[in-house]
Amino acid sequence: MDYNYAATFDAIRRQVVLLQVWADSPSDAAMPARLLLLPLDAMGRKTEVALDGSEREALWTDVDVGPDGRIHVLDTLNDRLKVFDSVGVLLAELATPKDAWKLAGGPNGETFLLTTHGQVVRLAPDGRVLSRFNGLPDDTVPTSALVDLAVDAWGRVYTIDGYYHQVTAFEPDGNEADVLEGEDCHFAGDKWVAPDELLLGDSTELTLTLFGTCGYVEEPTDIVLAVNAETARLGPVGTYGFVEPRRLRVARQILGLVDLDLHRVGIVSFVLSGQVDRPLTHERRPLIQSLFDLPGGPPLAPTERGCDGVNNDSALKAAREAFADSPPGRRKVLILIAPGMEPRPGVCPWTALGIARTAAELKAGGVEIVAVNGASVAASSQAMSGISVAERGQGVGRPALQQALSRLWPTDLMQSGTLTDTLPANMDYVLGSASPPAGWDAATRTLSWRLGRIERGLTPRFSLQVRPSEEGLWPTNVSAVAEGVDGWGDPFHVVLPVPKIRVYGELPPTATSSATPTPTATVTATPEPTATPRPTSPPKPIYLPILPLTAACRPETRNADIALVIDSSSSMTETTRPGGPTKLAAAQEAARAFLAQLAAGGSQAALIQFSNSAAVLVPLTPDIAAVTAGLDRLTQASGTRIDLALDSAVAELTGSSRRPGNNPVIILLTDGEPTGTTTDAVQQAALRAKGAGMLVFTIGLGQAVDQALLGSIASRPEWAYFARTRQTWRVSTRESHVIPCKPEWP
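Predicted model, so just to flag it, every value in this text is computed and none were measured. (Residues numbered from 1 in each chain as written. Predicted model: local features only at pLDDT ≥ 70, side-chain atom pairs only at ≥ 80, totals over all residues. Heavy atoms only, no water.)

Asks: Can you help me understand the overall build of the protein chain in this one?
Replies: Across its full length, the protein chain holds 12 helices and 46 strands. Expressed as a percentage of its 746 residues, the buried residues of the protein chain come to 54%. Once local pairs closer than 6 in sequence are excluded, the contacts in the protein chain between residues at least 24 apart make up 66%. Carbon together with sulfur atoms contributes 53% to the accessible area of the protein chain, which is approximately 30700 Å² in total. (Helix = DSSP H or I, 4+ residues; strand = E, 2+ residues; numbered from the N terminus. Buried < 20%, exposed > 50% of the residue type's maximum accessible area, 1.4 Å probe, protein only. Contact = heavy atoms within 4.5 Å. Areas by Shrake-Rupley, 256 points an atom, 1.4 Å probe, with all protein chains shown as cover.)

This is the structure:
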């Protein structure tokens with residue numbers, strides 16, 4: 001006898017991996033679990049990998065094979081996972097979040113877990129939490145909508161929504177922190193100027209925004225699981241054996257998803273009378289043991305009046321005893337598992353009226369009552385009665401816990417605070433232009449807004465006008481700072497970015513393209529002229545229908561020969577922000593992050609620098625570490641010969657080291673307009689590159705870039721990226737996912 005919990009396919013070894021709970025005899029009450037490795041070409045031969053603990057001691061509920069061939073298997077009862085190699089050798093045993101119920105194997109030995117609250121938790125091979133983010137498509141979708149997750153060879157995460165029948169794809173970069181737990185709030189701010197090029201004497205407008213999110217507190221709860229302990233009939237009337245295993249499995253399914261660091265659980269059993277089998281505790285092992293050897297008894301034998309079954313009133317009275325040490329004010333929940341019949345008066349020693357009366361006493365003491373796999377008049381509401389929880393499955397205890405547990409957020413993002421903007425000497429404040437009105441201190445050149453309560457989800461905006469008094473490229477402010485008290489009552493301090501403007505004494509001889517607005521990373525959806533990324537920005541979701549793939553995109557079809565072309569002109573010594581890294585340092589950081597994501601053994605890379613000339617620092621090679629080391633050898637000089645840089649990249653990608661099966665790609669990063677050459681010469685060089693079959697991506701860093709030119713150089717308009725701060729690294733690390741598969745090659 002066996003029950004198959006989950007299965008997955010190992011594409012590397014071409015084998016099916018099956019998670020199975022099994023028994024030699026149908027009468028076995030405690031069944032062990034195992035993995036079966038079934039190679040497609042093994043003519044029925046298989047490898048068996050035993051998993052420790054019978055089903056009374058562990059709930060092995062999910063299995064997946066990562067793109068590296070590692071096998072990940074999840075035990076929800078003990079909050080752990082095991083990782084095996086592709087032949088079944090144990091590599092690691094790791095702790096998981098208390099409410100994890102699904103897993104997926106990721107690249108580089110990572111594990112991704114889906115929690116009951118719809119969060120995705122990314123674990124390193126050693127068990128460290130690398131990141132956590134919300135896996136829901138949007139805030140309108142309930143957490144119960146998610147039914148599964150998957151991870152591809154490039155680390156993209158896909159969550160499946162069973163309500164709206166869609167897949168949501170995420171590109172986690174390791175810096176997600178939009179899911180906050182506990183009494184914690186995160187703030188960020190943005191600031192931009194429009195127009196950012198103007199004539200001396202004209203004014204321009206500065207806009208500031210604040211945004212953030214606050215964590216939640218799952219209200220600490222005492223939970224009593226009252227289990228119908230009616231024993232199974234083994235033969236003639238009067239011969240009974242063990243407690244019906246299905247009810248114990250349901251209790252374990254619920255227990256397996258409770259965070260026992262926060263909540264306490266007690267066990268009550270009942271048939272004709274009830275008893276406390278385990279007082280409220282945070283300890284998991286005693287609870288598992290109680291559900292292993294729960295005492296039971298036979299139900300009431302049928303009487304002449306037709307009464308038989310178990311006494312729900314005894315469960316309520318035993319639960320009242322179990323809650324005796326629960327402190328006043330603490331949330332209390334009783335979960336009745338498989339409640340018995342509630343007869344009319346005069347039929348049984350217990351009555352529906354008596355059950356309702358005892359339940360009312362419990363409710364008056366603050367106890368909420370949930371009835372699982374059966375209806376009961378004792379339940380606190382109709383929604384809490386008759387909740388279905390399967391005895392087997394993945395996360396099937398969630399419906400009961402979603403009724404039982406409660407999460408709390410602060411009403412406000414911010415309770416109070418101030419926002420100050422200090423202007424430099426060459427930026428004159430246009431008096432009365434602040435919106436909303438603000439205080440102006442001419443002596444310190446500081447504008448101040450006093451902030452009151454700001455509700456969660458709102459993004460307040462502030463604006464003012466300034467009039468530059470000097471020609472040149474200038475910062476619009478000395479500093480912009482928000483500080484105050486957040487929704488949980490803790491202090492916060494946020495430094496906003498410092499945008500620059502270019503001021504001309506007269507009209508420039510040729511039209512200069514103004515900066516194309518890029519979407520702001522605030523919670524609003526309005527495109528803004530400058531975009532400072534949230535420090536805790538979540539991965540951007542992409543919505544896909546659930547359809548079978550007709551042309552699978554495999555890692556080997558995305559291998560590329562990549563020329564990484566980096567501007568090393570003297571202007572790259574400017575900082576990305578006051579006190580921040582230089583543009584060159586930011587470009588080096590971006591390149592390191594990008595190179596780390598290339599497919600090992602498949603892709604190659606070359607490193608080219610350019611200023612008044614172009615030089616190949618590292619020829620095309622599969623040794624990605626050598627290319628990464630070459631980033632430390634970048635040298636600077638004047639000039640920006642983009643045309644020479646493109647020609648050098650083409651020469652490198654058509655040389656003897658070229659792999660014919662790889663996609664040829666040029667990624668060019670620059671912070672300025674071309675100098676020492678012409679725009680036409682640059683465009684001709686780009687045409688030569690594209691004509692040679694190259695895909696060209698461009699990244700413009702800072703405000704002085706010629707966006708129209710970089711857009712024309714790129715193979716597709718959407719492959720030209722513009723970033724004014726360290727957002728560059730987010731853009732460039734995305735390139736490895738944008739490079740299309742060969743069937744999509746233009």
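Read on, since the account is not over.
Asks: What is the right way to look at the environment of Asp-62 in this model?
Replies: With respect to the helices and strands, the residue Asp-62 is situated in strand β5 (residues 60-65). Separated by 332 residues in sequence, Asp-62 and Gln-394 place their C-alpha atoms 6.9 Å apart. The residues contacting Asp-62, other than those within four sequence positions of it, are Ala-6, Leu-19, His-72, Val-73, Leu-74, Lys-102, Leu-103 and Gln-394. Polar contacts involving the side chain of Asp-62 include one to the main-chain amide nitrogen of Leu-103, which spans 3.0 Å. (Polar contact = N/O pair within 3.5 Å; in protein donor to acceptor, adjacent residues only side chain to side chain.)

Asks: Hey, could you run me through the pairing of β5 in this one?
Replies: Along any regular strand, the residues point their side chains to alternate faces of the sheet. Burial within β5 is extensive, with six of its six residues counted as buried. In the sheet, β5 pairs with strand β6 (residues 71-75) via five bridges, with the strands oriented antiparallel. Counterpart to Val-63 in the pairing with β6 is Val-73. (Pairing = 2+ DSSP bridges.)

Asks: Explanation requested: the sheet that holds strand β20 (residues 221-228) in the structure shown.
Replies: The strands that make up a sheet pair up through hydrogen bonds in the backbone, lying either parallel or antiparallel. Strand order across the open sheet formed by five strands is β24-β23-β20-β25-β26, with mixed pairing between neighbours. If you trace the sheet from one side to the other, it starts and ends with β24 (274-281) and β26 (367-372), each paired once. For this sheet the average axis-to-axis angle between neighbouring strands, irrespective of direction, equals 15°. Where β20 meets strand β25 (residues 331-337), seven bridges bridge the pair, whose relative direction is parallel. Across the sheet, residue Val-227 finds its bridge partner in β25, namely Ile-337. (Axes fitted to C-alpha atoms, helices over the stretch in contact; angles between N-to-C directions.)

Asks: Would you mind going over the packing of aromatic side chains with me for this structure?
Replies: Each pair of aromatic rings is reported with the distance of its centres and the angle of its planes. Counted under the stated rule, the structure contains four aromatic pairs. Pairing Tyr-429 with Trp-440 gives two aromatic rings, centres 4.8 Å apart and planes at 40°, and the pair type is tilted. Of the two residues, Tyr-429 is situated in strand β29 (residues 427-429) and Trp-440 in strand β30 (residues 439-441); the sequence distance between them amounts to 11 residues. In this structure, Arg-56 is placed above the aromatic ring of Phe-292, and the distance from its NZ or CZ to the ring centre is 5.4 Å. (Phe/Tyr/Trp six-rings, centres within 6.5 Å; stacked < 30°, edge-to-face > 60°. Lys NZ or Arg CZ within 6 Å of the ring centre and 35° of its normal.)

Asks: How do you make sense of the nonpolar core when you look at a structure like this?
Replies: Across soluble globular proteins, nonpolar side chains have a tendency to be buried as a group. If you look at the biggest cluster of nonpolar residues, it comprises 92 residues, and the most contacted ones within it are Leu-35, Ile-254, Leu-334 and Ile-335. Other than its neighbours up to four places away in sequence, Ile-254 contacts Leu-225, Ile-335, Ile-337, Val-372, Val-389, Gly-397, Ala-400 and Leu-401. The next biggest cluster of nonpolar side chains, apart from the first, holds 53 residues, and it includes Val-627, Ile-667, Val-682 and Phe-722. (Core = buried A, V, L, I, M, F, W, Y, C linked by side-chain atoms within 4.5 Å.)

Asks: What is the right way to read a nonpolar patch on the surface from this model?
Replies: A cluster of nonpolar side chains, Val-87, Val-89 and Leu-91, forms an exposed patch at the surface whose accessible area comes to about 240 Å². Relative to the helices and strands, Leu-91 is located in strand β8 (residues 90-95). Take Leu-91: its relative accessible area is 43%, and that puts it in the partly exposed class. (Patch = residues over 30% accessible without salt bridge, like charges linked within 9 Å, V, L, I, M, F, W, Y side chains within 5 Å. Salt bridge = Lys/Arg side-chain N within 4 Å of Asp/Glu carboxyl O.)

Asks: In this structure, what is going on with the sheet that holds strand β12 (residues 129-134)? I would like to understand it.
Replies: A sheet is described by the order of its strands in space; here four strands give the open sequence β9-β10-β11-β12, paired in antiparallel fashion. Strands with a single pairing partner mark the edges of an open sheet, and in this sheet they are β9 (100-105) and β12. With direction set aside, neighbouring strand axes in the sheet form an average angle of 20°.

Asks: Sorry if this is basic, but what is going on with the packing of helix α8 (residues 642-653) against helix α9 (residues 679-691) here?
Replies: Each pair of packed helices gets described by two things: the angle between the helix axes and the distance between those axes. Interaxial distance between α8 and α9 falls to 8 Å at its minimum, and their mutual angle equals 15°. Judged by the angle between their axes, α8 and α9 are roughly parallel. When you trace α8 past α9, the crossing you get is left-handed. In contact with Ile-642, Asp-643, Leu-646, Asp-647 and Val-650 of α8, α9 contributes Ala-681, Val-682, Ala-685, Ala-686, Arg-688 and Ala-689. (Parallel < 35°, antiparallel > 145°, perpendicular 65-115°, else oblique. Left-handed = near helix turned anticlockwise from the far one by under 90°.)

Asks: How should the environment of Ser-569 be read in this particular structure?
Replies: Positionally, Ser-569 belongs in the loop between β41 (560-567) and α6 (583-595). Separated by 2.8 Å, the side chains of Ser-569 and Asp-567 make a polar contact.

Asks: What am I meant to see in helix α4 (residues 352-364) here?
Replies: Owing to its 3.6 residues per turn, the α-helix brings residues three or four apart onto one side. For α4, which comprises 13 residues, the first-to-last C-alpha distance of 18 Å matches the rise-based estimate of 18 Å (1.5 Å per residue) to within 8%. Listing the buried residues of α4 in full gives Gly-354, Ile-355, Thr-358, Ala-359 and Leu-362. Axial view of α4: buried residues confined to an arc of 135°, hence all on one face. Set apart from the buried face of α4 by more than 90 degrees, the exposed residues are Leu-353 and Ala-364. On its buried face, α4 sits against α3 (312-322), β25 and β26. Directly beyond the C-terminal end of α4, a positive phi value near 90° is found at Gly-366. (Expected span 1.5 Å × (residues − 1). Arc of directions from axis to C-beta.)

Asks: Looking at this structure, I do not really get unusual backbone geometry. What am I missing?
Replies: Omega for the bond connecting Ala-194 with Pro-195 falls within 30 degrees of zero, at -5°, which places this linkage in the cis form. Mapping Pro-195 onto the fold places it in the loop between β16 (185-194) and β17 (197-199). Pro-436 follows Ser-435 through a cis peptide bond whose omega is -5°. Structurally, Pro-436 is set in the loop between β29 and β30.

Asks: Any chance you could explain α9 here in plain terms?
Replies: Spanning 13 residues, α9 covers 18 Å between terminal C-alpha atoms, matching the ideal 18 Å at 1.5 Å per step. Every buried residue of α9 is listed here: Val-682, Ala-685, Ala-686 and Ala-689. End-on view of α9: buried residues confined to an arc of 100°, all on one side of the axis. In α9, the exposed positions that point more than 90 degrees away from the buried face belong to Leu-687 and Gly-691. Of the surrounding secondary structure, the elements contacted by the buried residues of α9 are α8, β44 (663-670), β45 (695-701) and α10 (707-713). Immediately downstream of α9, the backbone of Gly-693 shows phi near 90°, a positive value.

Asks: Teacher, can you tell me more about the pairing of strand β36 (residues 491-495) here?
Replies: Burial of the side chains of β36 is restricted to one face: Phe-492 and Val-494 are buried, whereas none of Pro-491, His-493 and Val-495 on the reverse face is. Here strand β35 (residues 479-486) hands over to β36 after four residues, with Gly-489 in that stretch at a positive phi of 90°.

Asks: I keep staring at the environment of Leu-225 and nothing clicks. Help me out?
Replies: By secondary structure assignment, the location of Leu-225 is in strand β20. Considering only alpha carbons, one finds Leu-225 and Val-268, 43 residues apart in sequence, at a separation of 6.0 Å. Among residues more than four places away in sequence, those in contact with Leu-225 are Ala-251, Ile-254, Leu-255, Val-265, Gly-266, Ile-267, Val-268, Ile-335 and Ile-337.

Asks: Teacher, can you tell me more about the packing of α3 against α4 here?
Replies: At a minimum axis separation of 9 Å, α3 and α4 run at an interaxial angle of 20°. What the angle tells us is that α3 and α4 run roughly parallel. Here the hand of the crossing between α3 and α4 comes out left-handed. Here Asn-312, Asp-313, Leu-316, Lys-317 and Arg-320 of α3 come into contact with α4, specifically with Gly-354, Ile-355, Thr-358, Ala-359, Glu-361 and Leu-362.

Asks: Mind showing me how you'd approach the pattern of salt bridges here?
Replies: A side chain with one charge may pair with a side chain of the opposite charge, provided their charged atoms come close. Under the definition given, this model contains 29 salt bridges. Among the salt bridges present, the one from Arg-156 reaches Asp-152, with a minimum N-O distance of 2.9 Å. Neither residue differs from the other here; Arg-156 and Asp-152 are each classed as buried. In this structure, Asp-421 engages Lys-191 in a salt bridge whose closest nitrogen and oxygen atoms are separated by 2.8 Å. Highlighted residues: Asp-421 in strand β28 (residues 412-422) and Lys-191 in strand β16, separated in sequence by 230 residues. By relative accessible area, which is 0% here, Asp-421 ends up buried. With a relative accessible area of 1%, Lys-191 lands in the buried category. Among the ionic contacts, a cluster of salt bridges with common partners joins Asp-52, Asp-75, Arg-80, Lys-82 and Glu-93.

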